[in-house]
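Descriptive structure summary
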Amino acid sequence: MLGQGCCRAVLARGPCAEVTRCSCGHIHLAVGPVTLRLEEDVLRALGHTLVEAIQQLEVPHEAEASEPAPAAHGAPTSGWKQ
């Protein structure tokens, strides 16, 4: 539920997700029935992680098993940030 006086602007919309910015500063990532409220830096880190995952999908499965997973660019190194 939006707070009184809050309004959202659509930043991006696709067939399975929508990203909006609330006037109070939060970023909302909606994927199907699930909405995540994120800070901007967390959204950026998530984007880098998703790009890396997509790139890894292009690597043959045999090569994937022999190489360690790369660290996510821009992702926090001390656990999850909520």
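Now for a look at the structure at hand. (Residues numbered from 1 in each chain as written. Predicted model: local features only at pLDDT ≥ 70, side-chain atom pairs only at ≥ 80, totals over all residues. Heavy atoms only, no water.)

Ranked by size, the top nonpolar core spans five residues in total: V19, I27, L29, L38 and V42. For L38, the residues in contact, after removing those within four places along its chain, are H26, I27, L29, L43 and L46. (Core = buried A, V, L, I, M, F, W, Y, C linked by side-chain atoms within 4.5 Å. Buried < 20%, exposed > 50% of the residue type's maximum accessible area, 1.4 Å probe, protein only. Contact = heavy atoms within 4.5 Å.)

Summarising the sheet, strand β1 (residues 8-13) and strand β2 (residues 17-22) pair through five bridges and their orientation is antiparallel. When the bridges of β2 are listed, A12 appears paired with V19. Turn length for the β1-β2 hairpin, with the two strands adjacent in sequence and antiparallel, is three residues. (Pairing = 2+ DSSP bridges. Helix = DSSP H or I, 4+ residues; strand = E, 2+ residues; numbered from the N terminus.)

With that settled, the discussion passes to the pattern of salt bridges. For the coordinates displayed, the defined rule picks out three salt bridges. A salt bridge links E18 to R13; the nearest nitrogen and oxygen atoms lie 2.6 Å apart. Residue classification places E18 among the partly exposed positions, given a relative accessible area of 26%. Of the charged contacts, one joins E40 and R21 as a salt bridge, the two residues approaching to 3.7 Å between their closest N and O atoms. A residue pair is termed long-range when its members are at least 10 positions apart, and E40 in helix α1 (residues 40-57) and R21 in strand β2 qualify at 19 residues. In this structure, a network of salt bridges that share partners links the residues R21, E40 and R44. (Salt bridge = Lys/Arg side-chain N within 4 Å of Asp/Glu carboxyl O.)

Given a rise of 1.5 Å per residue, 18 residues ought to cover 26 Å, and the 26 Å separating the end C-alpha atoms of α1 matches this to within 8%. When α1 is considered as a whole, its buried residues turn out to be V42, A45 and E52. The arc enclosing the buried residues of α1, seen along the axis, measures out at 85°, which places them on a common side. Relative to its buried face, α1 has exposed residues pointing more than 90 degrees away, namely R44, I54 and L57. The inward-facing, buried residues of α1 contact β4 (34-38). (Expected span 1.5 Å × (residues − 1). Arc of directions from axis to C-beta.)

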